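# Remarks on the overall topology
Residue strings, one per chain:
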Amino acid sequence: KKIAEKLEPTESDLQSLDNGVDKLWELDAKNRLKPGKDYELDLQCGKKPYHKGDRASRPLFKSVNEEAINQRPTYKAFLNLLDNYERAVAVPEIETYSEKKEIQTFLNAIMETDVMKYCHQWLEKKKLASGDVASFKKLLHKIWFKPYKREYHSKAPDSSGFEHVFVGEERDGKIIGCHNWIQLWHEEKLGNLNYLGFIYPRRRGAERDEDEHLMTIQYEWREGKSDKTWEIKPVGTSWVGVSPEFEIALYTMCFLAGEKENNIDVGPYRVLIKCYFIMRNDGDSRRKLKFLSTSFPEEAPYSKDEATYNKF
(Lines give C-alpha, C1' and ligand atoms only; values in the text may rest on other atoms or scores of the structure.)
Protein backbone atom coordinates (compact mmCIF):
# COMPACT_ATOMS: atom_id res chain seq x y z
CA LYS A 1 0.00 0.00 0.00
CA LYS A 2 2.84 2.40 0.83
CA ILE A 3 4.32 1.97 -2.65
CA ALA A 4 0.96 2.72 -4.26
CA GLU A 5 0.67 5.91 -2.17
CA LYS A 6 4.19 6.96 -3.13
CA LEU A 7 3.25 6.55 -6.80
CA GLU A 8 0.01 8.48 -6.45
CA PRO A 9 0.69 12.04 -7.72
CA THR A 10 -0.02 14.65 -5.05
CA GLU A 11 -1.89 17.91 -5.67
CA SER A 12 1.51 19.60 -5.73
CA ASP A 13 2.87 17.10 -8.31
CA LEU A 14 -0.10 17.88 -10.56
CA GLN A 15 0.25 21.66 -10.34
CA SER A 16 2.95 21.83 -13.00
CA LEU A 17 5.13 19.75 -15.29
CA ASP A 18 8.14 20.95 -13.26
CA ASN A 19 6.71 19.46 -10.05
CA GLY A 20 5.63 16.31 -11.85
CA VAL A 21 8.99 15.43 -13.40
CA ASP A 22 10.95 16.12 -10.21
CA LYS A 23 9.28 13.04 -8.70
CA LEU A 24 10.63 10.92 -11.60
CA TRP A 25 14.19 11.65 -10.45
CA GLU A 26 13.38 10.50 -6.92
CA LEU A 27 11.70 7.30 -8.16
CA ASP A 28 14.55 6.49 -10.56
CA ALA A 29 17.07 6.28 -7.69
CA LYS A 30 16.39 2.54 -7.37
CA ASN A 31 17.22 1.69 -10.99
CA ARG A 32 19.70 4.48 -11.80
CA LEU A 33 23.38 3.50 -12.02
CA LYS A 34 25.65 5.10 -9.45
CA PRO A 35 28.71 7.11 -10.58
CA GLY A 36 31.96 5.82 -9.08
CA LYS A 37 30.34 2.46 -8.38
CA ASP A 38 28.52 1.34 -11.55
CA TYR A 39 30.27 3.59 -14.07
CA GLU A 40 33.08 6.10 -14.33
CA LEU A 41 33.48 8.91 -16.86
CA ASP A 42 36.76 10.32 -18.14
CA LEU A 43 35.74 13.79 -19.44
CA GLN A 44 39.31 15.02 -20.12
CA CYS A 45 39.59 18.38 -21.95
CA GLY A 46 36.86 20.81 -22.90
CA LYS A 47 36.26 22.71 -26.14
CA LYS A 48 33.88 25.08 -27.87
CA PRO A 49 31.59 23.35 -30.43
CA TYR A 50 33.43 24.97 -33.36
CA HIS A 51 36.91 23.96 -32.17
CA LYS A 52 38.35 21.38 -34.55
CA GLY A 53 40.30 18.36 -33.42
CA ASP A 54 40.24 15.73 -30.72
CA ARG A 55 40.69 17.00 -27.15
CA ALA A 56 40.30 13.55 -25.60
CA SER A 57 42.85 10.82 -26.22
CA ARG A 58 41.03 8.30 -24.02
CA PRO A 59 37.47 6.91 -24.18
CA LEU A 60 34.62 8.78 -22.48
CA PHE A 61 33.58 5.77 -20.42
CA LYS A 62 36.44 4.70 -18.18
CA SER A 63 34.35 1.80 -16.91
CA VAL A 64 30.77 0.53 -16.91
CA ASN A 65 29.66 -2.35 -14.70
CA GLU A 66 27.99 -4.65 -17.23
CA GLU A 67 26.69 -6.87 -14.45
CA ALA A 68 24.70 -3.91 -13.10
CA ILE A 69 23.19 -3.45 -16.58
CA ASN A 70 22.40 -7.15 -17.08
CA GLN A 71 20.68 -7.31 -13.68
CA ARG A 72 18.19 -4.64 -14.75
CA PRO A 73 15.43 -5.95 -17.08
CA THR A 74 14.68 -2.55 -18.65
CA TYR A 75 18.35 -1.96 -19.57
CA LYS A 76 18.63 -5.43 -21.15
CA ALA A 77 15.40 -4.97 -23.11
CA PHE A 78 16.60 -1.51 -24.22
CA LEU A 79 19.96 -2.85 -25.49
CA ASN A 80 18.11 -5.37 -27.68
CA LEU A 81 16.41 -2.50 -29.55
CA LEU A 82 19.58 -0.68 -30.60
CA ASP A 83 20.40 -2.79 -33.67
CA ASN A 84 16.91 -2.56 -35.20
CA TYR A 85 17.45 0.66 -37.17
CA GLU A 86 18.94 1.96 -40.42
CA ARG A 87 21.17 4.87 -39.56
CA ALA A 88 20.78 7.00 -42.69
CA VAL A 89 17.74 9.26 -42.92
CA ALA A 90 15.49 8.39 -45.92
CA VAL A 91 16.34 4.67 -45.63
CA PRO A 92 13.20 2.92 -44.31
CA GLU A 93 13.32 0.24 -41.63
CA ILE A 94 11.75 -3.14 -42.23
CA GLU A 95 10.44 -4.28 -38.85
CA THR A 96 10.69 -8.04 -38.39
CA TYR A 97 8.48 -10.15 -36.14
CA SER A 98 11.31 -10.55 -33.59
CA GLU A 99 11.92 -6.77 -33.56
CA LYS A 100 8.20 -6.15 -32.89
CA LYS A 101 8.47 -8.63 -30.03
CA GLU A 102 11.53 -6.79 -28.65
CA ILE A 103 9.52 -3.54 -28.56
CA GLN A 104 6.69 -5.23 -26.65
CA THR A 105 9.19 -6.79 -24.21
CA PHE A 106 10.68 -3.34 -23.60
CA LEU A 107 7.27 -1.67 -23.06
CA ASN A 108 6.18 -4.48 -20.72
CA ALA A 109 9.43 -4.19 -18.73
CA ILE A 110 9.29 -0.40 -18.29
CA MET A 111 5.61 -0.56 -17.24
CA GLU A 112 6.67 -2.71 -14.28
CA THR A 113 8.78 0.16 -12.88
CA ASP A 114 7.71 2.80 -10.34
CA VAL A 115 8.87 5.53 -12.73
CA MET A 116 6.45 4.50 -15.49
CA LYS A 117 3.61 3.69 -13.08
CA TYR A 118 3.89 7.21 -11.68
CA CYS A 119 4.17 8.73 -15.20
CA HIS A 120 0.99 6.85 -16.19
CA GLN A 121 -0.94 8.01 -13.10
CA TRP A 122 0.23 11.61 -13.55
CA LEU A 123 -0.91 11.67 -17.19
CA GLU A 124 -4.19 9.96 -16.32
CA LYS A 125 -4.92 12.55 -13.58
CA LYS A 126 -4.13 15.27 -16.14
CA LYS A 127 -6.64 13.58 -18.49
CA LEU A 128 -3.89 13.07 -21.08
CA ALA A 129 -3.95 9.25 -20.96
CA SER A 130 -6.39 6.46 -20.26
CA GLY A 131 -6.14 4.71 -16.88
CA ASP A 132 -6.08 1.34 -18.64
CA VAL A 133 -2.52 -0.09 -18.77
CA ALA A 134 -2.98 -1.78 -22.18
CA SER A 135 -4.26 1.50 -23.68
CA PHE A 136 -1.33 3.41 -22.16
CA LYS A 137 1.16 0.92 -23.67
CA LYS A 138 -0.49 1.52 -27.06
CA LEU A 139 -0.07 5.26 -26.55
CA LEU A 140 3.63 4.79 -25.68
CA HIS A 141 4.04 2.61 -28.77
CA LYS A 142 2.44 5.28 -30.95
CA ILE A 143 4.59 8.11 -29.49
CA TRP A 144 7.89 6.24 -29.58
CA PHE A 145 7.74 3.46 -32.16
CA LYS A 146 5.19 4.37 -34.84
CA PRO A 147 7.29 5.08 -37.96
CA TYR A 148 6.96 8.30 -39.94
CA LYS A 149 8.82 10.13 -42.72
CA ARG A 150 11.48 12.44 -41.29
CA GLU A 151 12.22 13.63 -44.83
CA TYR A 152 9.23 14.54 -47.01
CA HIS A 153 10.87 12.97 -50.07
CA SER A 154 11.30 9.56 -48.38
CA LYS A 155 9.47 6.82 -50.25
CA ALA A 156 8.41 5.17 -46.99
CA PRO A 157 8.51 5.95 -43.24
CA ASP A 158 12.20 6.16 -42.27
CA SER A 159 12.21 7.34 -38.66
CA SER A 160 10.54 7.18 -35.25
CA GLY A 161 10.80 9.04 -31.96
CA PHE A 162 12.74 6.18 -30.40
CA GLU A 163 15.18 5.82 -33.29
CA HIS A 164 15.98 9.53 -33.35
CA VAL A 165 16.25 10.24 -29.61
CA PHE A 166 17.79 7.01 -28.34
CA VAL A 167 19.65 5.46 -31.28
CA GLY A 168 20.57 8.40 -33.53
CA GLU A 169 20.49 9.04 -37.28
CA GLU A 170 22.81 10.44 -39.93
CA ARG A 171 21.80 13.21 -42.32
CA ASP A 172 24.05 15.17 -44.69
CA GLY A 173 27.21 13.90 -43.04
CA LYS A 174 26.15 14.88 -39.50
CA ILE A 175 24.72 12.91 -36.59
CA ILE A 176 21.24 13.98 -35.47
CA GLY A 177 19.50 12.78 -32.31
CA CYS A 178 21.47 10.12 -30.39
CA HIS A 179 21.00 11.48 -26.86
CA ASN A 180 21.18 8.27 -24.86
CA TRP A 181 24.18 7.36 -22.71
CA ILE A 182 23.69 3.57 -23.04
CA GLN A 183 23.86 3.87 -26.83
CA LEU A 184 26.98 6.09 -26.58
CA TRP A 185 28.68 3.60 -24.24
CA HIS A 186 27.63 0.63 -26.40
CA GLU A 187 28.97 2.21 -29.61
CA GLU A 188 32.20 3.34 -27.93
CA LYS A 189 32.72 -0.21 -26.64
CA LEU A 190 32.30 -1.53 -30.22
CA GLY A 191 34.94 0.95 -31.46
CA ASN A 192 32.40 2.96 -33.50
CA LEU A 193 32.36 6.14 -31.42
CA ASN A 194 35.27 8.53 -30.87
CA TYR A 195 34.82 10.98 -27.98
CA LEU A 196 36.30 14.42 -28.83
CA GLY A 197 35.87 16.31 -25.53
CA PHE A 198 33.21 17.99 -23.38
CA ILE A 199 31.65 21.31 -24.38
CA TYR A 200 32.28 24.50 -22.39
CA PRO A 201 30.95 25.86 -20.12
CA ARG A 202 30.50 22.91 -17.80
CA ARG A 203 27.64 23.06 -15.30
CA ARG A 204 27.76 21.21 -12.03
CA GLY A 205 25.02 19.27 -10.27
CA ALA A 206 27.52 17.08 -8.37
CA GLU A 207 30.59 17.71 -6.22
CA ARG A 208 32.97 15.90 -8.59
CA ASP A 209 32.84 16.09 -12.38
CA GLU A 210 32.96 12.31 -12.64
CA ASP A 211 29.78 12.05 -10.54
CA GLU A 212 27.66 14.05 -12.96
CA HIS A 213 24.43 12.60 -14.36
CA LEU A 214 24.35 15.14 -17.21
CA MET A 215 27.00 15.85 -19.84
CA THR A 216 27.39 17.98 -22.96
CA ILE A 217 29.94 16.49 -25.32
CA GLN A 218 31.25 16.30 -28.88
CA TYR A 219 31.94 13.02 -30.65
CA GLU A 220 32.19 11.37 -34.05
CA TRP A 221 30.47 8.13 -34.97
CA ARG A 222 30.81 5.60 -37.76
CA GLU A 223 28.44 2.84 -38.82
CA GLY A 224 30.81 -0.04 -38.15
CA LYS A 225 34.46 -1.01 -38.45
CA SER A 226 34.21 -1.28 -42.25
CA ASP A 227 32.87 2.31 -42.46
CA LYS A 228 35.77 4.69 -43.16
CA THR A 229 33.71 7.88 -42.69
CA TRP A 230 33.23 9.32 -39.22
CA GLU A 231 30.23 11.68 -38.91
CA ILE A 232 30.36 14.36 -36.23
CA LYS A 233 27.90 15.36 -33.53
CA PRO A 234 29.13 18.91 -32.76
CA VAL A 235 27.10 19.22 -29.53
CA GLY A 236 25.08 16.57 -27.74
CA THR A 237 23.66 16.67 -24.22
CA SER A 238 22.76 13.41 -22.50
CA TRP A 239 21.74 12.15 -19.11
CA VAL A 240 24.23 9.61 -17.75
CA GLY A 241 23.46 6.62 -15.52
CA VAL A 242 19.69 7.17 -15.65
CA SER A 243 17.41 4.29 -16.57
CA PRO A 244 15.73 3.99 -20.00
CA GLU A 245 12.29 4.30 -18.34
CA PHE A 246 13.32 7.62 -16.73
CA GLU A 247 13.95 9.18 -20.15
CA ILE A 248 10.84 7.64 -21.73
CA ALA A 249 8.71 8.97 -18.84
CA LEU A 250 10.33 12.42 -18.82
CA TYR A 251 10.00 13.02 -22.56
CA THR A 252 6.50 11.48 -22.75
CA MET A 253 5.30 13.91 -20.06
CA CYS A 254 6.95 16.81 -21.89
CA PHE A 255 5.43 15.71 -25.22
CA LEU A 256 1.89 15.37 -23.85
CA ALA A 257 1.82 18.10 -21.19
CA GLY A 258 4.66 20.50 -22.00
CA GLU A 259 5.82 23.07 -24.52
CA LYS A 260 8.56 23.00 -27.17
CA GLU A 261 10.97 24.25 -24.49
CA ASN A 262 10.47 23.30 -20.85
CA ASN A 263 12.60 24.99 -18.20
CA ILE A 264 12.44 22.56 -15.28
CA ASP A 265 14.27 21.16 -12.25
CA VAL A 266 15.16 17.49 -12.45
CA GLY A 267 16.89 16.35 -9.27
CA PRO A 268 19.94 18.62 -8.77
CA TYR A 269 19.81 19.88 -12.39
CA ARG A 270 18.12 22.94 -13.83
CA VAL A 271 17.51 21.91 -17.42
CA LEU A 272 15.79 22.99 -20.58
CA ILE A 273 14.00 19.95 -22.01
CA LYS A 274 13.44 20.54 -25.70
CA CYS A 275 10.57 18.59 -27.19
CA TYR A 276 9.68 19.13 -30.83
CA PHE A 277 6.95 17.48 -32.86
CA ILE A 278 6.51 16.92 -36.57
CA MET A 279 3.20 16.75 -38.50
CA ARG A 280 2.94 13.86 -40.93
CA ASN A 281 0.19 11.96 -42.75
CA ASP A 282 -1.36 9.01 -40.94
CA GLY A 283 -0.38 6.19 -43.32
CA ASP A 284 -2.06 6.68 -46.69
CA SER A 285 -4.78 8.97 -45.38
CA ARG A 286 -4.65 12.75 -45.63
CA ARG A 287 -5.18 13.12 -41.89
CA LYS A 288 -2.16 14.73 -40.23
CA LEU A 289 -0.82 13.29 -37.00
CA LYS A 290 1.56 14.82 -34.46
CA PHE A 291 4.72 12.71 -34.10
CA LEU A 292 7.59 13.16 -31.65
CA SER A 293 10.45 14.57 -33.72
CA THR A 294 13.06 14.93 -30.96
CA SER A 295 13.42 15.44 -27.23
CA PHE A 296 16.60 16.04 -25.25
CA PRO A 297 18.00 17.97 -22.28
CA GLU A 298 20.07 21.12 -22.46
CA GLU A 299 21.69 22.76 -19.50
CA ALA A 300 19.50 25.71 -18.58
CA PRO A 301 20.71 29.22 -19.46
CA TYR A 302 23.01 30.81 -16.92
CA SER A 303 22.02 33.47 -14.44
CA LYS A 304 24.26 36.58 -14.59
CA ASP A 305 26.12 35.50 -11.43
CA GLU A 306 26.87 32.04 -12.81
CA ALA A 307 28.00 33.46 -16.14
CA THR A 308 30.58 35.64 -14.35
CA TYR A 309 31.70 32.75 -12.17
CA ASN A 310 32.06 30.33 -15.08
CA LYS A 311 34.09 32.35 -17.59
CA PHE A 312 36.25 30.16 -19.87
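Residues numbered from 1 in each chain as written. Predicted model: local features only at pLDDT ≥ 70, side-chain atom pairs only at ≥ 80, totals over all residues. Heavy atoms only, no water.

What follows covers the nonpolar core. Among the nonpolar cores identified, the biggest contains 77 residues, and Leu24, Phe61, Trp144, Phe162, Trp239 and Leu250 are the most heavily contacted of them. Tallying contributions element by element places helix H11 (residues 244–257) first for this core, with 8 residues. Not counting the four nearest positions on each side in its chain, phenylalanine 162 is found in contact with Phe78, Leu81, Tyr85, Phe106, Trp144, Phe145 and Val167. (Core = buried A, V, L, I, M, F, W, Y, C linked by side-chain atoms within 4.5 Å. Buried < 20%, exposed > 50% of the residue type's maximum accessible area, 1.4 Å probe, protein only. Helix = DSSP H or I, 4+ residues; strand = E, 2+ residues; numbered from the N terminus. Contact = heavy atoms within 4.5 Å.)

Under the criterion given, the structure shown has 17 aromatic pairs. Ring geometry for phenylalanine 78 against phenylalanine 162: centres 5.7 Å apart, planes inclined by 65°, an arrangement best described as edge-to-face. Here the residue phenylalanine 78 occupies a position in helix H5 (residues 73–79), and phenylalanine 162 occupies one in helix H9 (residues 161–167), the gap between them amounting to 84 residues. Owing to a relative accessible area of 0%, phenylalanine 162 belongs among the buried residues under this scheme. (Phe/Tyr/Trp six-rings, centres within 6.5 Å; stacked < 30°, edge-to-face > 60°.)

Relative placement of two packed helices is described by the angle separating their axes and the distance separating the axes. Look at helix H3 (residues 17–28) against H11: their axes get within 10 Å of each other, and the N-to-C directions meet at 170°. By the criterion of interaxial angle, the relationship of H3 to H11 is roughly antiparallel. Contacts between H3 and H11 pair Leu17, Gly20, Val21, Leu24, Trp25 and Asp28 from the former with Glu245, Phe246, Ala249, Leu250, Met253, Cys254 and Ala257 from the latter. Its residues assigned to classes, the contact of H3 with H11 comprises 10 nonpolar, 1 polar and 2 charged. (Axes fitted to C-alpha atoms, helices over the stretch in contact; angles between N-to-C directions. Parallel < 35°, antiparallel > 145°, perpendicular 65-115°, else oblique. Nonpolar A, V, L, I, M, F, W, Y, C, P; charged D, E, K, R; others polar.)

This paragraph deals with the pattern of salt bridges. Counted under the stated rule, the structure contains 12 salt bridges. Taking the shortest distance from any N to any O, the salt bridge between glutamate 298 and lysine 274 comes out at 3.5 Å. Note that glutamate 298 is positioned in strand E11 (residues 288–299) and lysine 274 in strand E10 (residues 269–281), a separation of 24 residues in sequence. Relative accessible area serves as the criterion here: at 26%, glutamate 298 is assigned to the partly exposed category. The network of salt bridges with shared partners includes Asp18, Asp265 and Arg270. (Salt bridge = Lys/Arg side-chain N within 4 Å of Asp/Glu carboxyl O.)

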